[in-house]
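Here is what each chain is made of, one letter per residue.
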Amino acid sequence: MFPVWLIGLGLIASIVVIVLAFLFFTNPRKAFELTHHHPDHLPAVMGGRYLFLAAMLVFVLFYDDAVVAGTVSFGFAGLGALDAVLYRARNPWPHAAVGVLALLASLIFFSLA
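Residues numbered from 1 in each chain as written. Predicted model: local features only at pLDDT ≥ 70, side-chain atom pairs only at ≥ 80, totals over all residues. Heavy atoms only, no water.

Engineer: Please clarify how the overall build of the protein chain should be interpreted in this entry.
Structural biologist: Helix and strand content of the protein chain: five helices and zero strands. Put simply, the protein chain runs from its N terminus to its C terminus through helices and strands in the order α-α-α-α-α. Expressed along its principal axes, the backbone C-alpha trace of the protein chain runs to roughly 45 × 45 × 20 Å. Buried positions account for 17% of the 113 residues belonging to the protein chain. For the protein chain, restricting intrachain contacts to residue pairs at least 6 apart in sequence, the fraction spanning at least 24 positions comes to 44%. Within the structure as shown, the protein chain displays about 8800 Å² of accessible surface, and the carbon and sulfur contribution to it stands at 76%. Here the protein chain holds 5 positive side-chain charges and 5 negative ones, and the gap between their average locations is 16 Å. (Helix = DSSP H or I, 4+ residues; strand = E, 2+ residues; numbered from the N terminus. Buried < 20%, exposed > 50% of the residue type's maximum accessible area, 1.4 Å probe, protein only. Contact = heavy atoms within 4.5 Å. Areas by Shrake-Rupley, 256 points an atom, 1.4 Å probe, with all protein chains shown as cover. Lys, Arg positive; Asp, Glu negative; His and termini not counted. Charge placed at Lys NZ, Arg CZ, Asp CG, Glu CD.)

So, in structure tokens, the structure goes:
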């Protein structure tokens with residue numbers, strides 16, 4: 001098990017990220033200001049996020065732990081679901097499909113645990 005101080009730091013970091021997430025949902029202008037992001041850089045930010053998600057998936061596959069792979073896949077399913085909700089007025093189906101496929105992958109990984 002991780003040391004208590006490390007768990008504490010992780011929980012603090014999680015709270016900060018959750019607060020920023022809600023701020024982006026409720027007051028994007030303030031969130032951009034606090035995080036020093038700029039709307040015109042969002043395509044590059046998204047590209048970086050997608051590269052990181054792909055790298056995480058490759059790492060998880062080589063780490064060879066079904067619970068870790070299932071958890072990461074479940075997180076990807078959540079991202080797909082959230083994007084589908086955000087794009088519901090336009091074209092949510094590509095995001096929903098990715099979310100469903102990631103959920104299926106998660107269930108497969110968990111069944112191997």
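Engineer: What should I look at first to understand unusual backbone geometry in this one?
Structural biologist: The phi angle of most residues is negative, glycine excepted, and most peptide bonds adopt the trans form. For His36, which is not a glycine, the phi torsion comes out positive at approximately 60°. Given a relative accessible area of 64%, His36 falls into the exposed group.

Engineer: Looking at this structure, I do not really get the environment of Ser73. What am I missing?
Structural biologist: In this structure, Ser73 sits in helix H4 (residues 66-86). Between the alpha carbons of Ser73 and Phe52 there is a distance of 14 Å; along the sequence they are 21 residues apart. Residues within four places of Ser73 in sequence aside, it is in contact with Ala102, Ala105, Ser106 and Phe109.

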